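Residues per chain are reported as follows:
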Amino acid sequence: MEKPSHHSLLFCSFLVIMITSTKTFFVVSLSSDGEALLSLISAADQSAKASSSILSSWNPSSQTPCSWQGITCSPQNRVISLSLPNTFLNLSSLPSQLSSLSSLQLANLSSTNISGAIPPSFGLLTHLRLLDLSSNSLSGSIPQELGQLSSLQFLYLNSNKLSGGIPPHLANLTFLQVLCLQDNLFNGSIPSQLGSLVSLQEFRVGGNPFLTGEIPAQLGLLTNLTTFGVAATGLSGVIPPTFGNLINLQTLALYDTEVSGTIPPELGLCSELRNLYLHLNKLTGSIPPQLGKLQKLTSLLLWGNALSGAIPADLSNCSSLVLLDASANDLSGEIPADLGKLVFLEQLHLSDNSLTGIIPWQLSNFTSLTALQLDKNQLSGTIPWQVGNLKYLQSLFLWGNLVSGTIPASFGNCTELYALDLSRNKLTGSIPEEIFSLKKLSKLLLLGNSLSGGLPRTVANCESLVRLRLGENQLSGQIPKEIGQLQNLVFLDLYMNHFSGHLPLEIANITVLELLDVHNNYITGEIPSLLGELVNLEQLDLSRNNFAGKIPWSFGNFSYLNKLILNNNLLTGAIPRSIRNLQKLTLLDLSSNSLSGPIPLEIGYVTSLTISLDLSLNGFTGELPETMSSLTQLQSLDLSNNFLYGKIKVLGSLTSLTSLNISYNNFSGAIPVSPFFRTLSSNSYLQNPRLCESTDGTSCSSRIVQRNGLKSAKTVALVSVILASVIIIVIASLVIVVRNQRYAMEKSSGALAASSGAEDFSYPWTFIPFQKLSFTVDNILDCLKEENVIGKGFSGIVYKAEMPNGQLIAVKKLWKTKQDGDPVDSFAAEIQILGHIRHRNIVKLLGYCSNRSVKLLLYNFVSNGNLHQLLQVNRNLDWETSAVEPQVGDGLHIVEWVKKKMGSFEPTVSILDAKLQGLPDQMVQEMLQTLGIAMFCVNSSPAERPTMKEVVTLLMEVKSPPEEWGKTSQPLIKQSSNQR
């Protein structure tokens, strides 16, 4: 018998111990629910596991997950709740293993940074009552399998990137109480089947801009609904009258859509309604008086529609109303005095309508009123003195009406008032001193009235003033030195009044001042050099006064200044060389003074000059400094009526110029050769007898151009020679016509040839249409006449051409250049781009024609004034097209019109649509900054245009601090409405 081995003995001994031991050992494993939950950890970001205290409690060695944070189990240790809101999981997808949690009733994974699609297998969680996947980055469509969650009561999928249509299968969720799908990318329409969700209390699909179609009338069956939100969508059609059945509705958020039609009077039956948001739609008709039945209504927003008719006095029965905004509509008639019954009203906004009549004194019964905005109407009569009873009033806007009489002294009782705008009315009398006792008044705007008297010295008591705008009145006397005590003043507008005397030195104490405008007054004396201490100044306008003496050297301290306007004064001396420090200056106007000396070379270092440089009507002498060649973004230059001399070659470097006047000087030599100078008229050069045309930009050609109208014998002789030459050319042309019958059809283009370099219009012509066209080359050439010119630009000239069948086309003839390759290259470039583009914002290229020297492009004619914009495709040639067909004000193209406006003495804000000018000052400034960026983008020189990256950077610098939104025609709720 073989002896047992040592290992065998050990094993037998172990068995004896195990059998005789009183303890029993079991192999422990995690439950299936726990394994399913661990799929979240395995899919989660590693950094999320380490940083989350919740996930760190998930111990894989546990028998069940019931002790894990965020997990709740049933008595049978089955997981019934998974709640991990605001836990950083950073999942690229939702694990499908979660669908094995067959007892799960609540799943909350909101704000956990999950992306990917919703697994269709989630439809297996049939016990689920709440599913919250909101505020993630989920994409794809909602799986129709979710319609199988027969126990679901709450579904939150809002604030993701979900797309596709809203599944009609959701109508199977008969117990659903809350359906939140807002702020996604859903398209299609709202399924009418959802009208069967009779348990639904909250329905929100707003913030889905691609959601279209009409609002189903069947949704009026949801009688348990308390919140209905479809704002910021593409929904259209009408508001269903069936919504009158929603007797439990508290909030109807249906704004910023394409919804049209009238406001259904049936809404007056929604007796529980608190918030009715119907603003920014296309609603028409009148405000139904039935809304007056809504006794619990607190907010009624109807602004930004096309509502008409009178404001129903029945609204005075909405006894709980706190906010009423019907601004920016077409409402007419008088303001109902009965509105004074709304004792809880805090904000009343009726601006931008056509309201007439007087301001009812009963409005003073609004003892809780904080904002009253009646601006941009046709209200008349006086401001009721009872306005002083509004103890809590913070802002009052009446600007843009026909209000007359005096400013009530009772405003001094409105101790909470911080913004008062009575501009553009017919107010008379003096400014009551009581206004300056208001300790919180930040903005006082009285522009454009007929106010008289002086500016009270008590203005110093209103230390809270940020904006004081009193321009365009009949105020007189001296500007009180006490104004220098307003240490918070940013805007000071006193222009177009009758102020006299000296400009007080104390203004220099207002170190935060950004705008100082006193133009068109009778102010005398020297410009105080202490003004140089206003280092935050951005605009300074002292023009059209009687200032004398020199321009202070201290003006070089204005490092933020963008407009300096000193024209029409009695200033003498030279331009201070410190001007080189003004590195943000865009407009400089020193015209109509008695300044002298040479133009300092330092002016060329102010490369920020983009809008205008006007030195006309002074006594400047000497040559143009070479440094001016750096002003490559300058659009308008006026040096006329001085004593300047020498060559003007440097002006050829100013590639952005759209306006130039150097008349009445002593300039000499060659006129620069460039497309801009080619389009200038002789009025730009008057009384400069030694200027001449040139072919190379340096030496004079044999043909001297006397652009000043001299009547000397030499001039007469020269004109005679020119006329004789023209006659010879015409005769020669007639001979050619006789010899070439094909050329007979082009005889009408003789005038064109004379003006554009006598191009060869002879055959053979190549004509390649991009679609079927019912006209010929001959039809096109017949229209190339001077009277049909609608635009000239860097790359060519554009004609309006009517074909025999009545069709209007635009014909663009490319300039003939010195380099033989250039016209071909630009021609090929434009054909290559436009021939293959089909876009609603790009003009359609119909075809092209060419012979050996002339290239013609044929476009659809755009009659709505967009031709300038739509011909900008050619890569670097067409931004300078100065269209001459009347399109905007003054017969200018919009780009040229804006340039002219920006270079004028008018306030820059006048460029904006009148409806935008009533927005908060800060918002207006942002729009003007954006306009400035846009003007960089349409620079005529391609090299000077910013790249898209630079544009984005510039736009990001246009900031909008909300605290600056003081002057507003809309309530603050308009920026913060979140009911969707």
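The rules we used
- The residue numbering used here restarts from 1 in each chain and proceeds along that chain's sequence as written.
- The predicted origin of the model limits local features to residues at a pLDDT of at least 70 and limits the giving and counting of side-chain atom pairs to 80 or more, whereas totals for whole chains, interfaces and linings rest on all residues.
- Note: side-chain values were computed over all heavy atoms of the structure, leaving out hydrogens and water.
- When DSSP locates at least two bridges between a pair of strands, those strands are taken to pair.
- What counts as a helix is a DSSP run of H or I of at least four residues, what counts as a strand is a run of E of at least two, and both are numbered from the N terminus.
- Cavity means a closed set of points on a 1 Å grid over the protein atoms alone, one where a 1.4 Å probe fits but cannot get out, pocket means an open set with protein on both sides within 12 Å along at least 5 of 7 lines, and lining means a residue has an atom within 4 Å of a point.
- Grid points are joined across faces, edges and corners, and a volume is the space filled by probe spheres set on the points.
- The disulfide criterion used throughout: a pair of cysteine sulfur atoms within 2.5 Å.
- Burial classes: relative accessible area under 20% of the type maximum marks a residue as buried, over 50% as exposed, and values in between as partly exposed (1.4 Å probe, protein chains only).
- The term polar contact refers here to a pair of N or O atoms within 3.5 Å; inside protein, the definition further demands a hydrogen-donor-capable atom paired with an acceptor-capable atom, and it admits residues adjacent in sequence only when both atoms are side-chain atoms.
- The salt bridge criterion pairs a side-chain nitrogen of Lys or Arg with a carboxyl oxygen of Asp or Glu, the two atoms within 4 Å.
- To qualify as a nonpolar core, a set must consist of buried Ala, Val, Leu, Ile, Met, Phe, Trp, Tyr and Cys residues joined through side-chain atoms within 4.5 Å.
- Contacts are residue-level and defined by heavy atoms, with any inter-residue pair within 4.5 Å sufficient.
- The predictor's confidence in any single residue is recorded as pLDDT, a number from 0 to 100.

Undergrad: Help me out: how do you make sense of the sheet that holds strand β8 (residues 161-164) in this one?
TA: Strands pair in a sheet through their backbones, by hydrogen bonds, and they do so in one of two ways: parallel or antiparallel. Overall, parallel pairing links the four strands, which are arranged β4-β6-β8-β10 in an open sheet. Only two strands of the sheet have a single partner each, and these edge strands are β4 (115-116) and β10 (185-186). Bridge count between β4 and strand β6 (residues 137-140): two bridges; the pairing is parallel. Among the inter-strand pairings, Gly116 is bridged to a residue of β6, identified as Leu138.

Undergrad: Just checking my understanding: could you explain empty space enclosed by the protein for this structure?
TA: It is a probe the size of a water molecule, rolled over the atoms, that shows where empty space is left. Roughly 90 Å³ of internal volume is contained in the largest cavity. The computed volume of the second largest cavity comes to approximately 60 Å³. In terms of lining, the second largest cavity is formed by Ile551, Phe555, Gly556, Leu564, Leu566, Ile575, Pro576, Ser578, Ile579, Leu582 and Leu590.

Undergrad: What is the right way to read the sheet that holds strand β20 (residues 330-333) from this model?
TA: What the three strands build is an open sheet, ordered β18-β20-β22; its pairing is parallel. The sheet terminates laterally at β18 (308-309) and β22 (354-355), the two strands that pair on one side only. Two strands pair when backbone bridges link them, and β20 and β22 are joined in this way by two bridges, in the parallel orientation. Its bridge partner being in β22, Ser332 is matched across the sheet by Ser354.

Undergrad: Would you mind showing me how to read the state of the cysteines here?
TA: Linking two cysteines covalently via their sulfur atoms produces the bond known as a disulfide. Scanning the model with the defined rule gives two disulfides in all. Covalent S-S linkage joins Cys66 and Cys73, the inter-sulfur distance amounting to 2.2 Å. Handedness here is read from the sign of the S-S torsion; for Cys66 and Cys73, about -100°, the answer is left-handed. By relative accessible area, Cys73 is classed as buried at 19%. The disulfide that involves Cys692 links it to Cys700, with 1.7 Å between the sulfurs. Since a negative S-S torsion denotes a left-handed disulfide, the Cys692-Cys700 link at about -70° is left-handed. Among the cysteines of the protein that take part in disulfides, numbered as they appear in the sequence, the pairing is 1-2, 3-4.

Undergrad: So what exactly am I meant to see when it comes to the side chain of Asn158 here?
TA: Relative to the helices and strands, Asn158 is located in the loop between β7 (154-156) and β8. Within the structure, Asn158 has its side chain in polar contact with the side chain of Ser159 (distance 3.4 Å).

Undergrad: In this structure, what is going on with the pattern of salt bridges? I would like to understand it.
TA: It is possible for side chains bearing opposite charge to pair when their charged atoms get close. As enumerated under the stated definition, the model contains nine salt bridges in all. With a closest N to O distance of 2.6 Å, Lys282 and Glu258 form a salt bridge. With Lys282 in strand β16 (residues 282-283) and Glu258 in the loop between β13 (251-253) and β14 (260-261), this residue pair connects regions lying 24 residues apart in the sequence. Exposure remark for Lys282: the relative accessible area of 47% places this residue in the partly exposed category.

Undergrad: How should I be thinking about the nonpolar core in this particular structure?
TA: Grouped together as the largest cluster of nonpolar side chains are 194 residues, with contacts concentrated most on Phe203 and Phe411. Where this core is concerned, the elements lending two or more residues are α2 (32-43), β1 (71-73), β2 (79-83) and α4 (675-679). For this core, the element with the highest residue contribution is α2, accounting for five residues. Apart from residues lying up to four places away in sequence, Phe203 is in contact with Leu179, Ile190, Leu194, Leu219, Leu225, Thr227, Phe228, Gly229 and Val230. One finds Phe761, Ala801, Ile809 and Cys849 within the second-largest nonpolar core, a separate group that totals 21 residues.

Undergrad: Please clarify how the pairing of strand β52 (residues 845-850) should be interpreted in this entry.
TA: Looking along a regular strand, one sees side chains alternate from face to face of the sheet. Taking burial as the measure, the six residues of β52 include six buried ones, the bulk of the element. As paired elements, strand β48 (residues 766-769) and β52 share four bridges and run antiparallel to each other. Pairing of Ile768 across the sheet is with Tyr848, part of β52. Where β52 and strand β53 (residues 855-860) come together, five bridges link them in antiparallel fashion. In the sheet register, Ser850 faces β53, and the bridge partner there is Lys855. Hairpin connection from β52 to β53: four residues lie between these consecutive antiparallel strands.

Undergrad: Is there a simple way to think about the confidence of the model for the protein in this case?
TA: Any segment with low pLDDT has predicted coordinates that should not be analysed in fine detail. In this model, the protein carries an average pLDDT of 83, and 78% of its residues clear a pLDDT of 70 or more. Segment residues 1-27: pLDDT under 50, and two contacts once partners within four positions in sequence are set aside and those in other chains are kept.

Undergrad: Quick question: what am I supposed to make of the environment of Ser62 here?
TA: Here Ser62 lies in the loop between α3 (46-51) and β1. Judged by its relative accessible area of 15%, Ser62 falls in the buried class. Filtering out sequence-adjacent residues up to four positions away, Ser62 remains in contact with Leu30 and Trp68. Polar side-chain contacts of Ser62 include one of 3.5 Å to the side chain of Trp68.

Undergrad: Can you walk me through unusual backbone geometry in this structure?
TA: In terms of backbone geometry, most residues other than glycine have negative phi values and most peptide bonds are trans. With phi around 55°, Ala232 is a residue other than glycine that occupies positive phi space. One can find Ala232 in the loop between β12 (227-229) and β13. Among the residues examined, Ala232 registers a relative accessible area of 18% and is labelled buried. Even without being a glycine, Asn568 presents a positive backbone phi close to 55°.

Undergrad: What am I meant to see in the environment of Ser61 here?
TA: When you line up the elements, Ser61 lands in the loop between α3 and β1. Sequence separation between Ser61 and Gly34 is 27 residues, and the spatial gap between their C-alpha atoms is 10.0 Å. A distance of 2.7 Å separates a polar atom in the side chain of Ser61 from a polar atom in the side chain of Asn59.

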